[in-house]
Amino acid sequence: MHTPLAELERQISAVFETNDVLPSAARSVARALVAAEAAGQSGHGLRRVPAYVKQVRAGKVDGRAEPFTELRRPGALSIDAGFGFAYPALDLAVAELAPLARSQGIASAAIHRSHHAGVMALTVERFAEQGLIAMMFANAPAAMAPWGGKKPVYGTNPIAFAVPLTDADPIVIDLALSKVARGKVMEAQQKGVAIPDDWALDADGHPTTDPDAAMKGTMAPAGGAKGAALAFMVEVLAAGLTGAHFSYEASSLFDDKGPPPALGHFIIAFDPQATAGAGVAERLGALAQAMQSEDGVRLPGRRGRSLRRHALEQGLEIDDGVMQAIAAL
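Below or above, wherever it landed, is the structure these notes cover.

Parameters at a glance
- Residues numbered from 1 in each chain as written.
- Predicted model: local features only at pLDDT ≥ 70, side-chain atom pairs only at ≥ 80, totals over all residues.
- Heavy atoms only, no water.
- Helix = DSSP H or I, 4+ residues; strand = E, 2+ residues; numbered from the N terminus.
- Contact = heavy atoms within 4.5 Å.
- Buried < 20%, exposed > 50% of the residue type's maximum accessible area, 1.4 Å probe, protein only.
- Pairing = 2+ DSSP bridges.
- Salt bridge = Lys/Arg side-chain N within 4 Å of Asp/Glu carboxyl O.

1. Things to note about the side chain of S178
Summarising the element assignment, S178 is placed in the loop between β6 (168-175) and α6 (182-191). Residues within four places of S178 in sequence aside, it is in contact with M144, T156, M219, A220, P221 and A222.

2. Details of the pairing of strand β5 (residues 159-165)
Moving residue by residue along a regular strand, the side chains alternate between the two faces of the sheet. Buried residues dominate β5, accounting for six of its seven residues. With four bridges connecting them, strand β4 (residues 133-138) and β5 associate as antiparallel partners. Each bridged residue has a counterpart across the sheet, and for M136 the counterpart in β5 is A160. For β5 and β6, the ladder comprises six bridges, and the chain directions are antiparallel. Among the inter-strand pairings, F161 is bridged to a residue of β6, identified as I173.

3. Digging into the pattern of salt bridges
Tallied over the full model, the rule gives 16 salt bridges. Linking E125 and R305 is a salt bridge whose minimum nitrogen-to-oxygen distance equals 3.1 Å. Highlighted residues: E125 in helix α5 (residues 121-128) and R305 in helix α11 (residues 302-314), separated in sequence by 180 residues. Here the two residues E125 and R305 agree in accessibility, since each one is buried. Salt bridges sharing partners connect three or more residues here, namely E125, E129, D169, R305, R308 and R309.

Next comes the structure, spelled out in structure tokens:
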């Protein structure tokens, strides 16, 4: 049976409110998780609800936290997530950073004491829908080793980027710097299925198809040494510049053990007219047309937007086991 997105959001929000999460935060988390599910990113979707709730109950996430901002320079916003969920802090960043970027031409938001950033495409595209270009960087608990090593130091450390187009959906890029997001391994673990042998390494540094061994080992970097180098770059931006924990200092996002992960996110928003003038929209549109001029080319982000539109019209069919686990909370 397909359930309307609004009803799923209501159900998920109610679960969090029942577990002592502020109603505003509960709604923010529910919107983000349902949107991730609708975009086909189930590893960042409703399968996260049980772990999130357990972390609230254990005090690893503060369900009563309210993020607050400090403008440290005309174009530099600092946001303290207060050891709460990331989504209220990200909502605040969108609300306060976009006007700053329009007035300054470029502005940044540094978020610290945060949690799982989720599907970052959903954050950066909100800037693009307002005519802004946005980049986002986030670190995650250590799951990837520096090139040549076995000890996890970096997280999967995703990057997201969104560009507005006139009279068309924005182009949105969202990618982890590991071969795949670690949430996909967690999903395979929950389903009890094997993973491809190029996704992860076991604790001894050997390729593995066992998701349990993968969770105890390290994720394979995308692009080999290049991916590991980019993960370092993201670590500096998302943690070094925000005051958040480095990945190797952060506790797991998958269990309720240990202190808050206290992760970081860094967002840069640009007003393209500030540098390129009034004709920039047409220029960006010309680039998109050049990309699409060849059969088989699909602009980044289109698949997720298409899936979300379909889900908005038809609702979502969620695995019974996932819904039962949520109902038990």
